[in-house]
Amino acid sequence: MHPAFSVLVFTVMSGAGYGLITLMVIGHLSGLSQLQDSSVLLSAGILSFVMISGGLLSSTLHLANPKNAWRAFSRFKTSWLSREAVFAILLYPFMLIYLGAIWMDMTGAVVSVAGILTAVFAMVTLFCTSMIYASLKTIRQWNSSLTPVNYIALGLMSGAVLLAAVQSVVGGDLAGVLQQLALALVVLGAVCKVIYFFWIGKPAGSTINTATGFTQASVRLLDQGHTSNSFLNDEFGYTVEANKLVRLRLLMLGVAFVVPFLLLLSASSALLVIAAASTIAGLLVERWLFFAEARHVVRLFHGDQRV
Amino acid sequence: MKLGLVVDLDTCVGCHGCATACKQWNTSGTIGPLSDKDPYGRDPNGAWLNRIRTYEVDDSPNSKTVNMPMSCMHCDDAACVTVCPTGASYKRSEDGIVLVDQDKCMGCNLCSWACPYGARELDPDAGTMKKCTLCVDRIYDESLPEDERKPACVLTCPTKSRVFGDFDDPNSEVSQLVRDRAGKQLMPELGYNPVNTYLPPRNKPVVEQYQPSLKATVKGWVNKVISR
Ligand code: SF4
Ligand code: SF4
Ligand code: SF4
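Cut-offs and rules
- Residues numbered from 1 in each chain as written.
- Chains lettered and ligands numbered in written order.
- Predicted model: local features only at pLDDT ≥ 70, side-chain atom pairs only at ≥ 80, totals over all residues.
- Heavy atoms only, no water.
- Helix = DSSP H or I, 4+ residues; strand = E, 2+ residues; numbered from the N terminus.
- Rg over C-alpha atoms; globule rule 2.2 N^0.38 Å.
- Buried < 20%, exposed > 50% of the residue type's maximum accessible area, 1.4 Å probe, protein only.
- Contact = heavy atoms within 4.5 Å.
- Areas by Shrake-Rupley, 256 points an atom, 1.4 Å probe, with all protein chains shown as cover.
- Near = heavy atom within 4 Å.
- Nonpolar A, V, L, I, M, F, W, Y, C, P; charged D, E, K, R; others polar.
- Pairing = 2+ DSSP bridges.
- Axes fitted to C-alpha atoms, helices over the stretch in contact; angles between N-to-C directions.
- Buried area = accessible area lost by both parts, 1.4 Å probe.
- Salt bridge = Lys/Arg side-chain N within 4 Å of Asp/Glu carboxyl O.
- Polar contact = N/O pair within 3.5 Å; in protein donor to acceptor, adjacent residues only side chain to side chain.
- pLDDT = per-residue confidence, 0-100.
- 1 Å grid on protein atoms, 1.4 Å probe; cavity = no way out; pocket = protein on both sides within 12 Å on 5 of 7 lines; lining within 4 Å.
- Points joined across faces, edges and corners; volume = space filled by probe spheres on them.

Engineer: Sorry if this is basic, but what is going on with the overall build of chain A here?
Structural biologist: Looking only at helices and strands, chain A features eleven helices and one strand. For a compact globule of 307 residues, the expected C-alpha radius of gyration is about 19 Å, and chain A comes in at 21 Å, within 12% of that figure. Its C-alpha atoms give chain A principal-axis dimensions of about 70 × 45 × 30 Å. For chain A, buried positions account for 56% of its 307 residues. Contacts spanning at least 24 positions in sequence make up 77% of the contacts within chain A whose residues lie at least 6 apart. Surface exposure of chain A reaches about 12500 Å², of which carbon and sulfur atoms provide 70%.

Engineer: What should I look at first to understand the site of ligand 1 in this one?
Structural biologist: Around ligand 1 sit 14 residues in total, of which B:C72, B:C75, B:C80, B:C115 and B:R120 are the nearest. For the shell around ligand 1, a count of residues per class yields eleven nonpolar, one polar and two charged.

Engineer: It is not clear to me how the sheet that holds strand β11 (residues 197–199) of chain B should be interpreted in this structure. Could you clarify?
Structural biologist: Within a sheet, adjacent strands bond to each other through the backbone by hydrogen bonds, running parallel or antiparallel. Residues and elements named next belong to chain B. Strand order in the open sheet made by the three strands is β10-β1-β11, with mixed pairing throughout. Of all the strands in the sheet, just β10 (162–166) and β11 have a single pairing partner and so form its edges. Averaged over neighbouring strand pairs, the angle between their axes works out to 25 degrees when direction is ignored. Across five bridges, the pairing between strand β1 (residues 3–8) and β10 is antiparallel. Among the inter-strand pairings, L3 is bridged to a residue of β10, identified as D166. Here helix α6 (residues 173–180) sits on the sheet in contact with β1, β10 and β11, set at roughly 115 degrees to β10.

Engineer: Even after reading the chapter, I still don't get the interface of chain B and chain A, so can you show me in this structure?
Structural biologist: It is common to give the size of an interface as the accessible area lost on bringing the parts into contact. Contact with chain B, which involves 56 residues of that partner, is made by 55 residues of chain A. Summed over both sides, the interface between chain B and chain A buries roughly 4400 Å², with carbon and sulfur atoms accounting for 59% of that surface. Across the chain B-chain A interface, the total number found is two salt bridges. Where chain B packs against chain A, one counts 32 residue pairs in polar contact (both at pLDDT 80 or more).

Engineer: Please explain the site of ligand 3 as it appears in this structure.
Structural biologist: Residue and element names in this part refer to chain B. Neighbouring ligand 3 are the residues C22, N26, N50, S71, C132, T133, L134, C135, P151, A152, C153 and R162. Breaking the shell around ligand 3 down by element, the ones donating at least two residues are α1 (17–27) and α5 (152–156). A breakdown of the residues in the shell around ligand 3 according to their chemical character gives seven nonpolar, four polar and one charged.

Engineer: Can you help me understand the side chain of A:S168 in this one?
Structural biologist: Checked against the element boundaries, A:S168 lands in helix α5 (residues 146–171). For A:S168, a relative accessible area of 1% gives the class buried.

Engineer: Please explain the pattern of salt bridges as it appears in this structure.
Structural biologist: One side chain can pair with another of opposite charge once the charged atoms of both are near each other. In total, this model carries 16 salt bridges over all chains according to the counting rule given. In this structure, A:R249 engages A:E293 in a salt bridge whose closest nitrogen and oxygen atoms are separated by 2.9 Å. Note that A:R249 is positioned in helix α9 (residues 242–266) and A:E293 in the loop between α10 (269–292) and α11 (298–301), a separation of 44 residues in sequence. In this structure, B:D123 engages B:K130 in a salt bridge whose closest nitrogen and oxygen atoms are separated by 2.8 Å. Residues B:D123 and B:K130 agree in their burial class; the two are buried. Each of A:K193, A:E286 and A:R287 takes part in a single network of salt bridges with overlapping partners.

Engineer: Would you mind going over the confidence of the model for chain B with me for this structure?
Structural biologist: For any part of a model where pLDDT is low, the fine detail of the predicted coordinates should not be relied upon. The predicted model of chain B averages 95 in pLDDT, with 98% of residues at 70 or higher. In the model output, the complex is listed with pTM 0.93 alongside ipTM 0.94.

Engineer: It is not clear to me how the layout of surface pockets should be interpreted in this structure. Could you clarify?
Structural biologist: A probe as big as a water molecule, rolled over the atoms, marks out the empty space that is left. Taken as a whole, the second largest pocket spans an internal volume of roughly 520 Å³. Lining the second largest pocket are 24 residues, with A:S59, A:T60, A:L81, A:E84 and A:A85 sitting closest to its centre. Residue assignment for the lining of the second largest pocket shows that the elements contributing at least two residues are α1 (5–29), α2 (38–60), α3 (80–103) and α4 (109–134) of chain A together with α3 (110–114) of chain B. No other element matches the six residues that α3(A) contributes to the lining of the second largest pocket. Partitioning the lining of the second largest pocket into residue classes produces 19 nonpolar, four polar and one charged.

Here is the structure:
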């Protein structure tokens, strides 16, 4: 699949933002002492708000006809993209109430209820995003429960690294709990990703034979019917050399997981900021790979033997 | 009603006549224009609703060239419709035709990702999704003579390899062809239940291989030995 840069930015940034606000709400409401300081909470909250909103704005850039984007709220019953849009908007009032209440030093039920709803809608939105991909039967590499698991694990992981960075920069020294949480989630994220790579490596599903209906003989493409590229070639024909993919996988595992893990051990504010930046950069490569390694069944009609 | 096409892979000669007639009719039809980017330049790219691909099936001397025209299959379980967030894509309950409302589409491409058959193409100029309409603006047009109320691609096909009809009616021409010629769906394992059905090539004797006689074999061998 052709990786659209605006979609990579959208899923990585908003995913990290949703993970950050969710973990912050949980830490704050469960009474973690380092997460009671309103300047830490507001910094993390505003960072999350900016990342989510920036991501959502970026997602509209890949629409070819954005003037109809408002209609995307209308098919909640059937479309995961519509559900994503609805929950993404529903989150805003609660997030604003929650952050506003913190800013005005309020405590009590308003903060708790708004906070819990913010965290719930954040996770639900992230889940809906992942289901847009996971629900497509046409793309074997996406059509799996590993897709939502990866999106949520990586969203929480990047959120945890960001939270650790913000807390140590704004609040002085890094809370041990947040450090351990971030370390654990980085390990979890890496494990999910490696399992995914093993899983997509196993050939399965449709072949050029089932696509053309000739299941008892070999089938080869002689002519795709047009001399220059079409929409289908551009969108689904995206191909990257296998050894480049392997190199990028290794680079991604290093930048997204190994580097942040090592930097997190240091607990120094400056290094934690670098860890957060490294995580985001690594996840952008991860998302690029998620698209570049996904092979749509239309490729079978254009001559691929299997996907 | 369940309207759709039967395509005969035995007789299709791969002339691209249906694709051209389709583009000609639909560019000024309900979902038109079907725009092209750089149409007379080095790298033209544009929206077509019907594409013809050519395959070689089996190995020589049994191999056969098969031309496979593909347009929207008007699937019974059309995921392209369920994924659409705007409601632009819809399937008509009265005849099963799948259409895109050009006034509602936001050009997110998701429906084209959900379609296994490559039947949807984004219009590079309008930014909306285009696909086969089953010539809905011909087949119900009462101002046309009755035998012309058929899709443009069906009317133009010089070998009559495309047949239009109602798959719900067991006595329609399409239903009979599917029964008699063991019509097949493409990629049935994905569960979209495509309506369009493909008639496989008829079985014919394979090309006869030349078998030299014993005398000719011996003569050939002797000639080879002597010339050395
Ligand atoms: S062929 Fe593709 S576009 Fe047509 S109904 Fe089926 S899934 Fe939808
Ligand atoms: S491209 Fe248009 S028709 Fe297709 S899913 Fe998006 S809004 Fe619906
Ligand atoms: S039925 Fe009409 S729109 Fe569909 S492929 Fe044929 S000519 Fe094109």
